[in-house]
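Below are the chains, spelled out letter by letter.
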Amino acid sequence: MNEGQNGTGGKLKRIAGPVVTAVGLDAHMYDVVKVGTEELMGEVIKVDGEAIIIQVYEDTTGLRPGEPVSNTGLSLAVDLGPGLLTSIYDGIQRPLEVLVDKMGSFIERGVSAPGISRDKKWEFKPLAKAGDEVVPGSIIGEVQETNIVHRIMVPPNAKGGTIRAIQGGSYTVEETIATLEDGTELKMMHRWPVRVPRPVREKKNPTIPLITGQRILDGLFPIAKGGTAAIPGPFGSGKTVTQQQLAKWSDAEIVVYIGCGERGNEMTEVLTEFPELQDPKSGKPLMERTILIANTSNMPVAAREASVYTGITIAEYFRDMGYDVSLMADSTSRWAEAMREISSRLEEMPGEEGYPAYLAARLAEFYERSGLVTTLNGDSGSVSVIGAVSPPGGDFSEPVTQNTLRIVKVFWALDAKLSQRRHFPSINWLNSYSLYLDTLGPWYDREVSPEWNILRAWAMEVLQKEAELQEIVQLVGSDALPETEQITIEVARLIREVFLQQNAYDPVDTFCSMGKQYDMMKAIRSYADQAYAAQVAGVPPTQIITIKAKNDLPQIKFTKDYEPMLDGIMKAMETEFTQLRSSA
Amino acid sequence: MKEYRTISKIAGPLLFVQKTEPIGYGELVNITLSDGSTKRGQVLDTSDELVVVQVFESTAGLGRDSGVRFTGEAIKMPVGHEMLGRILSGGGKPIDGGPEIVPEKRIDITGAAINPYARGMPADFIQTGISTIDGTNTLVRGQKLPIFSAAGLPHNNVALQIARQAKVPGSVEEFAVVFAGMGITKEEANAFMQDFERTGALERAVVFLNLADDPAVERIITPRLALTTAEYLAFELGMHVLVILTDMTNYCEALRQIGAAREEVPGRRGYPGYMYTDLASIYERAGMIKGRKGSVTQIPILTMPGDDITHPIPDLTGYITEGQIVVSRELHRKGIYPPINVLPSLSRLMNLGIGVGKTREDHKKVSDQMYAAYAEGNDLRGLVAIVGKDALSERDRMFLEFADLFEQRFVRQGIDEDRTIGEGTLDLGWDLLATIPVEQLSRIDRELIEKYHPKFRAK
Ligand SMILES: Nc1ncnc2c1ncn2[C@@H]1O[C@H](COP(=O)(O)OP(=O)(O)O)[C@@H](O)[C@H]1O
Ligand SMILES: [Mg+2]
């Protein structure tokens, strides 16, 4: 990061949309510049001889050739410190709440506001003392920010040393809380350039699942804490609802939610809903662990491009405090399109479908910033990244989906056929996969049940088998299937309708604990075992399929204290089977 | 204001003007022809040497001798209370023979983005009286819910029926309709006007008409003029405004035409790569604002080229709007009106507008159950065609019949039939679901079944 070098004034030469050209400016790539008399914020994205090409983060209407352009000499960076949690920002970390106060309900341009308040005082509690040796990343104290403790660290780009003085008390983020022997003053806030990954000591292989309370995810295609997942699907297939479910219910300690080029109302929904919701484990309001970045589809496209970097940098910062962070980006396709739009204005040679040739590299760099890590101070933290992808026409062969799938380890394939029949979440169980299954297996053995992995494999097998059988049914009708296979079809239906379908809007079913998931799958397995046994004993399949007790299984989903009900259903089922066998 | 006579090139709707003073990006431009007539345009690209102007009207008659004046400001729309009841051209000029509009205010037509933090959450159920909308794809105030249709289908009738019947039960607040026609035929325009007049809606309407034989590029500003007006009525005068934009396909064609004239690298199927962003700058201008009374609800209509929902126009629209109502040729052929296919239709804001205190507690689950049953029955139709009805299990036959019943009784209704949500739509849904054994209604809790299912209701 360069330090401020002021005064190299240039002027505007050409304006055509969000990309403008300046001349006479002494500038380097990615320098932040102030454009025009209104000092709109922009970033240098190309240097071409005399011409400095700038992407402007605000609407450029009315800018004229000849207006001044000045270089701040700084890179695009975010404020990191107490005050981040519960905030909602635009793509360049302008707090939207503050903007409403400053300019009303509509976003006008030329107004800036710091990412975190400079006036607010926080109660700083030192954890280090004078004489302690600190290194970049060392935690020197903490602030109770919300119900989350905000750990104050030596910035990764500072030098370490011996603490000369450190004092608890009430401070703003810019006041000095500690001084090192060499005179370095430490504050609660530091800035970090968004396009540069924050350093860590080591990246480790993830071994713990991010539990989301969504059965098809936790049960069949889990993502690890520190892992990566993509969720591609056509419009209306459930990308946003799934991302929001993860933001609500996943057992991350911090959530960064990026609405990148999507709907304004969806962000409002999060803003209205989250403060009302409680973490199922701690009972604390979900909003207190959440940071929102909202650069909606009608906000400037250059800031949309930046929003993803702003989000991941904030996520890394909390990771560096030793937290498990999960980041949702909805949608990475809009980010890629922003790149495409800027690139085409630069008249760069287009690659596949007009996307710039560096699309794959940018996607890879972004997902690479996820991971389970040993932080600079030896702690453990993680960033899990879940990206929605919006393929044109729902066609997964397009470049953003394909390049993403080459990187991420989990693929949740949304399927319009399922959403059209209101099978939610509309994740296709045949096409989706998780490459973490093996590494997470031991956790499920230990924390859920030694039977879990076996049950999971069994369910996948039944679903696979069903798909094959359905092809036959399409040709000859279901009555023509052999008896055992008629039962298999019914078992598969139960797995789909009872286990896989999960209604995000049902107050109980919206979150399903791992224990309940296990109980549900076990119940279905138990039906299957008894059904095949009865068939062997000579009970006709129509009778096995029309067993009454199993019709009550879906009710389990909507019931909070479901155990007595489930017991009752299983007992009734056994009784029915016993009767069937004795009359066979 | 200086007049330039330095046009160096005219290509399609674009003018290239040389050697000007510094001109602002996006400025409104007035062009005077040799015969004294004037045209308007906007700056698309500005630099020391060259300014590119997009002309909003036909470039016929323009030549190197035409005069160009840069106004120094963005395009603005004069707005005022008096606009209600008026018919304007696609460029915003009165065409109903009435007086010029005396503006209370002039507003930049680009429209700034509503700060997401300032948005109010749409939550008021709008009853349209159409079961396939109210029951299964509920519209709420402040939503943008397009109609995806295709050539030759009765989308205009559906839109008109919505405009006629839409009401928020129990509300007496002021409402208005803003209608923007883009590239529609005179006949279509007349159908709308006559219906507005017949029902008295015209008094509460502002109509913008860009007809099929009006300049295509004017279509770029028509929806923006309409939305600027709508925002004024809603957020400054406190009205609940329903905006109908038709046909967005013609708008997108105009966008493509300009892209081609600028020799841009085209995106998918020749449409500009920035079409998503451009459409978002129209569709996102719907909603509510915290602390203000009114709302803007949008019903854009588009015709899917080749009936193809994956075509960029419906595709990008669906990615931005809060759902879509899909009009189906197949149902239309079966003689069913309104031919709304619920399966690909969706209202994303439905959950906010329904349930206890809004519609009824059973609303969501009845809707989900009907979807599931109809989808299953509909799939079986394919199978029947191959193996015949006899090869079906009893369960399958039941769902097959449900699908027919659903289309004939739930979907089909009269063009003036205004069903209430409870007795008209949801109870009808229960009657249809009652043809399926109770145990098969896996989407609905027992409790609701015992309260609403006809079998229990009768007791
Ligand atoms: N898990 C779910 N439970 C219930 N409804 C869902 C679920 N997922 C999606 N939906 C329904 O599908 C609609 C579209 O989902 P959304 O996530 O907005 O799609 P996308 O982001 O892919 O366009 C939602 O408005 C909701 O009605
Ligand atoms: Mg979405």
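Residues numbered from 1 in each chain as written. Chains lettered and ligands numbered in written order. Predicted model: local features only at pLDDT ≥ 70, side-chain atom pairs only at ≥ 80, totals over all residues. Heavy atoms only, no water.

*Asks:* Got a minute to help me understand the site of ligand 1 in this structure?
*Replies:* Surveying the vicinity of ligand 1 reveals 15 residues, the closest of which are A:Gly236, A:Lys239, A:Thr240, A:Val241 and B:Arg348. Ligand 1 is flanked by residues contributed from chains A and B. Take A:Gly238: an N or O atom from its main chain is 2.9 Å from an oxygen atom of ligand 1. One of the side-chain N or O atoms of A:Lys239 is found 2.7 Å from an oxygen atom in ligand 1. For ligand 1, whose accessible area on its own is 550 Å², the fraction buried by protein is 95%. Counting residues per element, the shell around ligand 1 draws most heavily on helix H3 (residues 239–249) of chain A, which supplies three residues. Three or more residues apiece are contributed to the shell around ligand 1 by two domains, here domain 3 (202–436) and domain 4 (452–583) of chain A. (Near = heavy atom within 4 Å. Polar contact = N/O pair within 3.5 Å; in protein donor to acceptor, adjacent residues only side chain to side chain. Areas by Shrake-Rupley, 256 points an atom, 1.4 Å probe, with all protein chains shown as cover. Helix = DSSP H or I, 4+ residues; strand = E, 2+ residues; numbered from the N terminus. Domains from an automatic or database assignment.)

*Asks:* Is there a simple way to explain empty space enclosed by the protein in this structure?
*Replies:* Space left empty within the atom packing is revealed by a probe, the size of a water molecule, rolled over the atoms. Here the structure, examined in full by the defined rule, presents five cavities of 30 Å³ or more. Of the pockets and cavities examined, the largest cavity occupies roughly 100 Å³. Residue lining of the largest cavity: A:Arg493, A:Leu494, A:Glu497, A:Val498, A:Lys550, A:Asn551, A:Pro554, B:Glu439, B:Gln440 and B:Ser442, and that is the complete set. Among the residues making up the lining of the largest cavity, the classes are represented as three nonpolar, three polar and four charged. (1 Å grid on protein atoms, 1.4 Å probe; cavity = no way out; pocket = protein on both sides within 12 Å on 5 of 7 lines; lining within 4 Å. Points joined across faces, edges and corners; volume = space filled by probe spheres on them. Nonpolar A, V, L, I, M, F, W, Y, C, P; charged D, E, K, R; others polar.)

*Asks:* I tried to follow the environment of A:Gly538 on my own but got confused; where do I start?
*Replies:* As for its placement among the helices and strands, A:Gly538 is situated in the loop between helix H13 (514–536) and helix H14 (541–545). Remark: the alpha-carbon pair of A:Gly538 and A:Ser583, spanning 45 residues in sequence, is separated by 9.6 Å.

*Asks:* So what exactly am I meant to see when it comes to the sheet that holds strand E11 (residues 139–144) of chain A here?
*Replies:* Residue and element names in this part refer to chain A. Pairing is antiparallel in the open sheet, where four strands are placed in the order E12-E11-E9-E14. Across the chains shown, the open sheet's two edge strands, defined by having one partner strand only, are strand E12 (149–153) and strand E14 (169–171). Taking each pair of neighbouring strands and ignoring which way they run, the sheet shows an average axis angle of 40 degrees. In the sheet, strand E9 (residues 122–126) pairs with E11 via three bridges, with the strands oriented antiparallel. Directly across from Phe124, in E11, lies its bridge partner Val143. (Pairing = 2+ DSSP bridges. Axes fitted to C-alpha atoms, helices over the stretch in contact; angles between N-to-C directions.)

*Asks:* When you look at the packing of aromatic side chains in this model, what are you seeing that I'm missing?
*Replies:* For any two aromatic rings, the description comes down to two numbers: the centre-to-centre distance and the angle of the planes. Residue and element names in this part refer to chain A. All chains considered together, the criterion is met by 23 aromatic pairs over all chains. Look at Phe124 and Tyr171: their rings are 6.2 Å apart centre to centre, the planes differ by 70 degrees, and that puts the pair in the edge-to-face class. Here Tyr171 lies in strand E14 and Phe124 lies in strand E9, a separation of 47 residues in the sequence. Look at Trp452 and Tyr518: their rings are 6.5 Å apart centre to centre, the planes differ by 65 degrees, and that puts the pair in the edge-to-face class. Taken together, the positions of Trp452 in helix H11 (residues 452–476) and Tyr518 in helix H13 put the pair 66 residues apart, joining distant regions of the chain. In this structure, Trp452 and Tyr518 share a single accessibility class: buried. An aromatic cluster of at least three residues, connected via ring pairs, comprises Tyr309, Trp335, Phe366 and Tyr367. (Phe/Tyr/Trp six-rings, centres within 6.5 Å; stacked < 30°, edge-to-face > 60°. Buried < 20%, exposed > 50% of the residue type's maximum accessible area, 1.4 Å probe, protein only.)

*Asks:* Honestly, the domain arrangement of chain A in this entry has me stumped. Any pointers?
*Replies:* When the parts of a complex come together, some accessible area is lost, and that lost area is often used as the size of the interface. If you check the domain split of chain A, you get domain 1 (10–75), domain 2 (117–188), domain 3 (202–436) and domain 4 (452–583). With centres defined by C-alpha atoms, the gap from domain 2 of chain A to domain 4 of chain A works out at 57 Å.

*Asks:* What am I meant to see in the pattern of salt bridges here?
*Replies:* Between side chains of opposite charge, pairing is possible as soon as their charged atoms come close. Under the definition given, this model contains 71 salt bridges over all chains. A salt bridge links A:Arg64 to B:Glu27; the shortest N-O distance between them is 3.3 Å. Here the residue A:Arg64 occupies a position in the loop between strand E5 (51–56) and strand E6 (68–75), and B:Glu27 occupies one in the loop between strand E3 (14–18) and strand E4 (28–32), the pair thus bridging two chains. Using a relative accessible area of 29% as the deciding quantity, one classes A:Arg64 as partly exposed. Given the relative accessible area of 3%, B:Glu27 is considered buried. With a closest N to O distance of 2.7 Å, A:Arg263 and A:Glu266 form a salt bridge. By relative accessible area, A:Glu266 is classed as buried at 10%. (Salt bridge = Lys/Arg side-chain N within 4 Å of Asp/Glu carboxyl O.)

*Asks:* Please clarify how helix H1 (residues 96–103) of chain A should be interpreted in this entry.
*Replies:* Residue and element names in this part refer to chain A. By the burial criterion, the buried members of H1 are Leu96, Leu99 and Met103. The buried residues of H1 occupy an angular sector of 50 degrees when projected down its axis, which confines them to one face. Each element contacted by the buried residues of H1 is listed here: strand E8 (88–89) and strand E21 (290–295). Two residues or fewer past H1, Gly104 is found with a positive phi of approximately 85 degrees. (Arc of directions from axis to C-beta. Contact = heavy atoms within 4.5 Å.)

*Asks:* So what exactly am I meant to see when it comes to the sheet that holds strand E13 (residues 161–166) of chain A here?
*Replies:* Working definition: the strands of a sheet are paired by backbone hydrogen bonds and lie parallel or antiparallel to each other. All names here are of chain A. The four strands are arranged E10-E13-E15-E16 in an open sheet whose pairing can be described as antiparallel. The open sheet is flanked by strand E10 (133–134) and strand E16 (185–187), the only strands paired with a single partner. One ladder, built from two bridges, connects E10 with E13; its direction is antiparallel. Pairing of Glu133 across the sheet is with Thr162, part of E13.

*Asks:* In this structure, what is going on with the interface of chain A and chain B? I would like to understand it.
*Replies:* Between chain A and chain B, the contact holds 74 residues from the first and 81 residues from the second. Across the contact surface, chain A and chain B share six salt bridges. As a salt-bridge pair, B:Asp45 and A:Arg14 come within 2.5 Å of each other at their nearest N and O atoms. Between the two partners, chain A and chain B, sit 37 residue pairs in polar contact (both at pLDDT 80 or more). Those elements giving two or more residues to the side of chain A that touches chain B turn out to be strand E1 (9–16), H1, helix H4 (264–273), helix H6 (332–345), H11 and helix H12 (483–500) of chain A. At eight residues, H4(A) tops the list of elements feeding residues into the side of chain A that touches chain B. Of the residues belonging to the side of chain A that touches chain B, the class tally is 25 nonpolar, 26 polar and 23 charged. Two elements, E1(A) and strand E5 (residues 38–47) of chain B, share two bridges in a ladder whose sense is antiparallel. Among the inter-strand pairings, A:Arg14 is bridged to a residue of E5(B), identified as B:Ser47.

*Asks:* Any chance you could explain the packing of H11(A) against H13(A) here in plain terms?
*Replies:* Helix packing for two helices is described by the angle between their axes and how far apart those axes are. All names here are of chain A. Axis separation between H11 and H13 bottoms out at 10 Å; the angle between their running directions is 55 degrees. The angle between the axes of H11 and H13 places the two elements in the oblique class. Relative to H13, the crossing made by H11 is left-handed. Across the interface between the two elements, Trp452, Leu455, Trp458 and Ala459 of H11 pack against Met514, Gln517, Tyr518, Met521, Lys522, Ile524, Arg525 and Ala528 of H13. (Parallel < 35°, antiparallel > 145°, perpendicular 65-115°, else oblique. Left-handed = near helix turned anticlockwise from the far one by under 90°.)

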